[in-house]
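If you want the building blocks of each chain, they are given just below.
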Amino acid sequence: MTPHLPEIERPMENSEYWLGFDLGASKMMAVVFDSSFKVRGRRRKKTKGLEGRESVTARLVEVIRGALDEAEIDVSQLDGIGIGVPGPVDEERGIVREAANLGWKEVPLADLLENEFGRPVVVLNDVDAGVYGEYRFGAARGARTALGVFPGTGIGGGCVYDGEIIHGRSVSCMEIGHVQVRENGRLCGCGRRGCLETEASRLAISAEVAQAAYRGETPHLAASAGTELAKMRSGTLAKAIAAGDTVVEDIVRHAAQMLGIAVANVVLLMAPDVVVLGGGLVEEMTNLFVDTVTEVANQRVMASFVGSFRVVVAELGDDAGALGAAAWVQKTASRYAKSSL
Ligand SMILES: [Zn+2]
């Protein structure tokens, strides 16, 4: 006989599993993490937003089940699901307020998924998830205030202050892509005109580069992409600049300057100590973006703010959103479970 038998004889189940979901406009990904945030299972699919909400949510459920299968765990072992979505959300009620690229408005996504899986679900903005991922595991570790700016098809922003994602009572925030920078500017995906996104996103850059290509001003780019907008990906633009297309470089630099002005405005409001830049454009043209944003932002702030922030490049790549969403639900699931009692 063992003299000191533990009270509970069955082995303690002390493993945790968290699922992080990154719902993008073109693709979706679910990743199952264990308690030390090692990847245990992963599944991807195209989003196909045009097929409608029912179809997207059905695919979403399928992708979650696929990731659980790959991780070889049952849904009952899952401690929570964190899902980042492309648009403003009401985190406390788990509602997607609007997601223009998916055609969603006021979608009760947390309820839909809780009914399906019976596990706690936290809905957050996808860029907030990415910035939180960088704060927990990547380029913004240890920051007091981390601002993230991710220029891509649009321009996403997010902010983590003292370990918390900053958001409003009924809507997420830091929509830096939609701050107004030009009166009566170009029409934006959000339905308004002159947003930063219409001046400095990859789509805005590509549109301008396509016009320059049409005018015959981009010999190197024309050889690889012609004048076709869809072929002007970040890598193509980077190669054209490296080959000597100065017009392309001017267009990209102008976009980076616009980002720098926007960052300066946020620095004055929030005093971030770390500014994380991410996304395909930044990955392909790191020095151009980091140097330009650092220089322009420092030129545009009051003296006390000069040099008060570091501009760094995101480290986690495509996994940032899923990692951040999983880490955020780990941090907040109990908070919401308590508040709903
Ligand atoms: Zn807009």
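The shown structure was predicted, so the numbers you read here are calculated from the model rather than taken from an experiment.

Per the secondary structure count, the protein includes eleven helices and 13 strands. Taking 341 residues into account, the globule formula puts the C-alpha radius of gyration at 20 Å, and the protein, at 22 Å, falls close to it. In terms of its C-alpha atoms, the protein occupies a principal-axis envelope of roughly 85 × 50 × 35 Å. The buried share among the 341 residues of the protein stands at 50%. The long-range share in the protein, meaning contacts at least 24 apart out of those at least 6 apart in sequence, stands at 64%. In the form shown here, the protein has an accessible surface area of approximately 16500 Å², with 49% of it arising from carbon and sulfur atoms.

Moving on: the coordination of the zinc ion. Where a metal carries four tetrahedral donors, each ideal angle is 109.5 degrees; where it carries six octahedral donors, the ideal angles are 90 or 180 degrees. Bound to the zinc ion on the protein side are His178 (ND1), Cys188 (SG), Cys190 (SG) and Cys195 (SG), at distances that span 2.0 to 2.3 Å. Around the zinc ion, the four donor atoms sit at angles spanning 104 to 122°, and that spread fits a shape best called tetrahedral. Positions of the donor residues of the zinc ion along the chain correspond to the pattern H-x9-C-x1-C-x4-C. Of the two residues, histidine 178 sits in the loop between strand S11 (164-165) and helix H4 (197-200) while cysteine 190 sits in the loop between S11 and H4, which places them twelve residues apart along the sequence.

What follows covers the packing of aromatic side chains. By the definition in use, this model includes four aromatic pairs. When the centroid spacing of 6.0 Å and the interplanar angle of 35° are considered together, the rings of tyrosine 132 and tyrosine 135 count as tilted. A residue pair is termed a helical-turn pair when its members lie 3 or 4 positions apart in one helix, as tyrosine 132 and tyrosine 135 do in helix H3 (residues 126-137) at three residues. Classification of tyrosine 135 by relative accessible area gives buried; the value is 18%. Between tyrosine 132 and tryptophan 328, the aromatic rings sit 4.9 Å apart at their centres with planes inclined by 75°, giving edge-to-face as the arrangement. With tyrosine 132 in helix H3 and tryptophan 328 in helix H11 (residues 320-339), the pair connects residues that are 196 residues apart, well separated along the chain. By the burial criterion, tyrosine 132 is buried, and tryptophan 328 matches it. Clustering of aromatic rings is evident, with ring pairs tying together Phe33, Phe37 and Phe137.

On to the packing of helix H8 (residues 246-270) against helix H10 (residues 286-299), then. At a minimum axis separation of 8 Å, H8 and H10 run at an interaxial angle of 45°. With respect to their mutual orientation, H8 and H10 come out oblique. Crossing angle aside, the handedness with which H8 passes H10 is right-handed. Contacts between H8 and H10 involve Glu249, Val252, Arg253, Ala256, Gln257, Leu259, Gly260, Ile261, Val263 and Ala264 from the first element and Leu288, Phe289, Thr292, Val293, Val296 and Ala297 from the second. Here the contact of H8 with H10 is composed, by residue class, of eleven nonpolar, three polar and two charged.

Attention shifts here to the sheet that holds strand S2 (residues 27-34). In spatial order, the strands read S3-S2-S1-S4-S8; together these five strands make up an open sheet with mixed pairing. Only two strands of the sheet have a single neighbouring strand rather than two, namely strand S3 (39-46) and strand S8 (121-125). The sheet shows a mean angle of 15° between the axes of neighbouring strands, taken without regard to direction. Alignment of strand S4 (residues 80-85) against S8, held across five bridges, turns out to be parallel. Each bridged residue has a counterpart across the sheet, and for glycine 84 the counterpart in S8 is leucine 124. Packing against the sheet, helix H1 (residues 53-71) makes contact with strand S1 (17-23), S2, S3 and S4, and its axis sits at approximately 150° to S3. Strand contacts of H3: S1, S4 and S8, with the helix running at about 95° to S8, the strand carrying the most contacts.

Here we take up the confidence of the model for the protein. Summary statistics for the protein give a mean pLDDT of 93 and a share of 94% for residues scoring 70 or more. Segment residues 8-12 is flagged for pLDDT under 50; beyond a separation of four residues in sequence, or across chains, it makes zero contacts in the model.

About the thresholds
Residues numbered from 1 in each chain as written. Predicted model: local features only at pLDDT ≥ 70, side-chain atom pairs only at ≥ 80, totals over all residues. Heavy atoms only, no water. Helix = DSSP H or I, 4+ residues; strand = E, 2+ residues; numbered from the N terminus. Rg over C-alpha atoms; globule rule 2.2 N^0.38 Å. Buried < 20%, exposed > 50% of the residue type's maximum accessible area, 1.4 Å probe, protein only. Contact = heavy atoms within 4.5 Å. Areas by Shrake-Rupley, 256 points an atom, 1.4 Å probe, with all protein chains shown as cover. Donors = N, O, S within 2.8 Å, 3.2 Å for Na, K, Ca; no water. Tetrahedral: all angles 85-135°; square planar, octahedral: opposite > 155°, others 65-115°. Phe/Tyr/Trp six-rings, centres within 6.5 Å; stacked < 30°, edge-to-face > 60°. Axes fitted to C-alpha atoms, helices over the stretch in contact; angles between N-to-C directions. Parallel < 35°, antiparallel > 145°, perpendicular 65-115°, else oblique. Left-handed = near helix turned anticlockwise from the far one by under 90°. Nonpolar A, V, L, I, M, F, W, Y, C, P; charged D, E, K, R; others polar. Pairing = 2+ DSSP bridges. pLDDT = per-residue confidence, 0-100.

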